[in-house]
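What follows is each chain in one-letter form.
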Amino acid sequence: MIEKINSPEDVKKLNLQEKEQLAEEIRKYILEVVSENGGHLASNLGVVELSIALHSVFDLPKDKIIWDVGHQTYVHKIITGRREALKTLRKLNGIAGFPKTNESETDCFNTGHSSTSISAALGMARARDLKGEKHSVLAVIGDGALTGGMALEALNDAGYSQSKLTVILNDNEMSISKNIGGLNMLLSKLRTKKMYTKSNVSIKKMLNKIPVIGKSLVKIIRRAKRGIKQLIIPKMFFEDIGFRYLGPVDGHNIEQLESLLKISKQLDGPVIIHVLTKKGKGYEIAEKNPDRFHATGPFDIKTGKSKKEKKPDYSKIMGETLVELAHENDKIVAITASMKDGTGLSAFAKEFPDRFFDIGIAEQHALGLAAGMAKEGMIPVVPIYSSFYQRAYDQVIHDIAMQQLPVVMCVDRAGIVGADGETHQGTLDMAFFRLVPNVVILAPKNFEELKEMLEFAVTLNKPVVIRYPRGGEDSYHFKMQEKIVLGKAEVLKEGTDITIVAIGKTVARAMKIAEKLEKEEIQAEVINCRFLKPLDTQTIKESIEKTKTVITIEDGTSINGLGTAVEELIIEEKLENIDFQKFAYPDEFIKHGSVEELEKIYGLDEENILKKAEELIRTKCSII
Ligand SMILES: Cc1ncc(C[n+]2csc(CCOP(=O)(O)OP(=O)(O)O)c2C)c(N)n1
């Protein structure tokens, strides 16, 4: 069946039984691809029937479907002509793990970060109305993503607007871990309502409730069985804020789903369809461990075991260190925006349940909450992925930095993250944090330094950022480790020919390059910057004055990072006749691919930097 599906039209032609068979085949195929390439498994297995039903009822690209987060679009990609391409999922030059408007006209809006879909859908609905067009606009949003402030802001506006749009609430009771919060309590009440079935809709009540009735709706209702008793529209929350609530409906029953989708198509005004799904559906191992299979690397289908050996990573080291520090200091609390496992906080949550707060996918609130707790004497540690810190920028500025509150902002997944691509690359954080007054910015060269930086940060009594990358430390063995002193860099190797200033994970690369240069009798001085802010201008200046040649290496954008800081220093200190080269990512969004591939493409690999450093020295010598 799946081999015959090259477009949504092919799905529309199938009868119910064939669609059910297709669902099973799609599941098997996704399992095969994700077990090879890695990716978001459980969420995709949960939306197979929903995606088939959506493509059966709506016509893309005329109708618009915006997928919140967008990690659950593999089924949609298969149906919309990308079945074979899915084998290249998340690979360099392959298809992306998220919707991309440049990949297909059926991907109408790029997503990757949570809780944006209802705003964008309402925007499209309003534009449609202003242009006098007639088509459907839908947002598919998970119960996790609904905890994000932006989704709630959009619901508030959409309910009041009375614009025609449909919100599909894909409720699987899970964010990455178990979903939490007051809204989850509301949803669990709604879940216990009698499920929608085609046959329990009362025609009479339906006709009274629905303001606009299209001919096709009348047909659907005529087809509904006799003896229909109940229309399930609980008068709760969603109805009160202006939505028509339909459901709950079994998200694995294509017939029921199509029936409700067709009804929503006929309704004017905002509609919310409450769809109940099971994360990981159809693959028992994922059904039992939906959090582990939310996003996974390659794994063995039979056992579910990861194909790669699990090594310690920066997140784990941060989490373990925090547990140790929290034993000594009862003021330390940890806050996560729905990323307990990803940020290494699971152990902390177990050890200190009263000092651990999972606050939903709500980075802004996480930082606001941290500010409040810090004001009252606590020391909040808030690990959030670099690209999600973008959400909370004003909270960093307005709530934390301006009041100089001692919040420790751990920026996880800083730098290039790889396969998740442009929405998830953490290349901007150094640039945007550096702009903020009062904030101290650190980056460790290895695990040991991360531990010491965290220990330093929780006693500093200032807003602190510690950024560290995804994955493990470099295999380079550092022979020394100086104590962390505010604003002091660490000179790891002395030299007279070239200064290499590096930060975070790039320090190991700088050392390897310096050792190779040494073999050519070029003496490099390597400075582990440690603090992007306050920068150790004294140490860097003295080194540049000595070598007259400097390169900077950083895993962030070339704008307003380490390179910019050193450039400013050269100008401000009026250092003359300096050869300077910056190694950083360009001013663009970096697509998906492995970290190694992307580093090579953008010239941050050891080989390229070494070559460029040699060229710099050679030109300098030839001039002399
Ligand atoms: C702003 C932001 N913060 C965190 C994440 C990481 N994240 C990706 S999916 C997800 C959980 C989404 O849960 P839900 O919306 O219920 O979808 P499900 O995976 O359960 O289908 C989270 C926290 C993100 N994508 N964006």
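Residues numbered from 1 in each chain as written. Predicted model: local features only at pLDDT ≥ 70, side-chain atom pairs only at ≥ 80, totals over all residues.

Caption draft 1: Expanded view of the overall build of the protein chain. Scanning the protein chain from terminus to terminus reveals 24 helices and 17 strands. Taking 624 residues into account, the globule formula puts the C-alpha radius of gyration at 25 Å, and the protein chain, at 27 Å, falls close to it. Seen along its three principal axes, the alpha-carbon backbone of the protein chain occupies a region of about 95 × 55 × 50 Å. Within the protein chain, the proportion of its 624 residues that are buried is 52%. Within the protein chain, contacts between residues at least 6 apart in sequence are counted, and of these 78% link residues at least 24 apart. (Helix = DSSP H or I, 4+ residues; strand = E, 2+ residues; numbered from the N terminus. Rg over C-alpha atoms; globule rule 2.2 N^0.38 Å. Buried ≥ 20, exposed ≤ 12 C-beta atoms within 10 Å, placed from the backbone. Contact = placed C-beta atoms within 7 Å.)

Caption draft 2: Representation of the site of the ligand within the structure. As a matter of local geometry, the ligand sits amid 25 residues, with S43, S114, G142, G144 and A145 nearest to it. Classifying every residue of the shell around the ligand by side-chain character gives eight nonpolar, 13 polar and four charged. Formed jointly, the shell around the ligand draws a minimum of three residues from each of two domains, domain 1 (2-196 + 232-288) and domain 3 (314-467). (Near = placed C-beta within 6 Å. Nonpolar A, V, L, I, M, F, W, Y, C, P; charged D, E, K, R; others polar. Domains from an automatic or database assignment.)

Caption draft 3: Structural detail: helix α21 (residues 537-547). What α21 keeps buried is the set I540, S543, I544 and T547. Down the axis of α21, the smallest arc covering the buried residues is 100°, so these residues share one side. On its buried side, α21 packs onto β13 (498-502), β14 (524-528), β16 (549-557) and α22 (562-572). Positive phi shows up at K548, right after α21, with a value of about 65°. (Arc of directions from axis to C-beta.)

Caption draft 4: Representation of helix α6 (residues 117-130) in the model. Here α6 is 14 residues long and its end C-alpha atoms lie 20 Å apart, about the 20 Å a rise of 1.5 Å per residue gives. Within the sequence span of α6, burial applies to S117, I118, A120, A121, L122, M124 and A125. Against the buried residues of α6 lie β1 (64-67), β2 (137-142), α7 (149-161) and β3 (165-171). Directly beyond the C-terminal end of α6, a positive phi value near 70° is found at G132. (Expected span 1.5 Å × (residues − 1).)

Caption draft 5: Fine view of the pairing of β3. Extensive coverage of β3 is indicated by the burial of seven of its seven residues. Judged by which residues are buried, β3 turns out to be covered on both faces: L165, V167, L169 and D171 on one side and T166, I168 and N170 on the other are all buried. Bridge count between β2 and β3: five bridges; the pairing is parallel. Looking at the pairing, A139 lines up with V167 of β3. The parallel pair β2 and β3, bridged by α7, forms a crossover whose chirality is right-handed. (Pairing = 2+ DSSP bridges. Right-handed = clockwise from strand over helix to strand, strands pointing away.)

Caption draft 6: Spotlight on the sheet that holds β1. Spatially, β1-β2-β3-β5-β4 is the arrangement adopted by the five strands of the open sheet, whose pairing is parallel. Strands at the two margins of the open sheet, each flanked by one partner only, are β1 and β4 (244-250). Averaged over neighbouring strand pairs, the angle between their axes works out to 20° when direction is ignored. (Axes fitted to C-alpha atoms, helices over the stretch in contact; angles between N-to-C directions.)

Caption draft 7: Region of interest: the confidence of the model for the protein chain. In this model, the protein chain carries a mean pLDDT of 94, and residues with pLDDT of at least 70 account for 94%. Per-element confidence in the protein chain is highest for strand β9 (residues 408-412), whose mean pLDDT is 99, and lowest for helix α9 (residues 203-209), whose mean pLDDT is 47. Ignoring residues within four places in sequence, the model shows residues 224-235, a span with pLDDT below 50, making 32 contacts including any to other chains. (pLDDT = per-residue confidence, 0-100.)

Caption draft 8: Structural context of the packing of α6 against α7. As a packed pair, α6 and α7 sit with axes 7 Å apart at the nearest point and diverge in direction by 30°. The orientation of α6 with respect to α7, classified from their angle, is roughly parallel. When the axes of α6 and α7 are compared, the crossing they make is left-handed. Contacts from I118, S119 and L122 in α6 reach M150, A151, A154, L155, D157, A158 and S161 in α7. The residue makeup of the contact of α6 with α7, split by class, is seven nonpolar, two polar and one charged. (Parallel < 35°, antiparallel > 145°, perpendicular 65-115°, else oblique. Left-handed = near helix turned anticlockwise from the far one by under 90°.)

Caption draft 9: Local environment of the nonpolar core. Formed by 176 residues in total, the largest nonpolar core has its most connected members in A121, V382, V408, I466 and I500. Leave out the neighbours within four places in its chain, and A121 touches I66, V137, L138, A139 and L165. (Core = buried A, V, L, I, M, F, W, Y, C linked by C-beta atoms within 7 Å.)

Caption draft 10: Geometry of unusual backbone geometry. P61 follows L60 through a cis peptide bond whose omega is 10°. Looking at the secondary structure, you find P61 in the loop between α4 (48-57) and β1. Residues K533 and P534 are joined by a peptide bond in cis, for which omega reads -5°. Tracing the chain through its elements places P534 in the loop between β15 (531-533) and α21. Of note in the backbone geometry, S338 takes a positive phi value of approximately 70° without being a glycine. Along the chain, the position of S338 falls in the loop between β6 (332-336) and α14 (346-351). Here N438, not a glycine, exhibits a phi torsion of approximately 75°, which is positive.

Caption draft 11: Spatial organisation of the sheet that holds β14. The mixed open sheet is built from five strands, whose spatial order is β12-β14-β13-β16-β17. The open sheet has two free edges, formed respectively by β12 (490-493) and β17 (579-585), since each of these has just one partner strand. On average, adjacent strands in this sheet sit at an angle of 20° to one another, irrespective of strand direction. Here β16 pairs with β17 via six bridges, running parallel. Across the sheet, residue T557 finds its bridge partner in β17, namely Y585. Against the sheet, helix α20 (residues 506-519) makes contact with β12, β13, β14 and β16, and its axis sits at roughly 160° relative to β13, the strand it touches most. Running at roughly 145° to β16, α22 makes contact with β13, β16 and β17 of the sheet.

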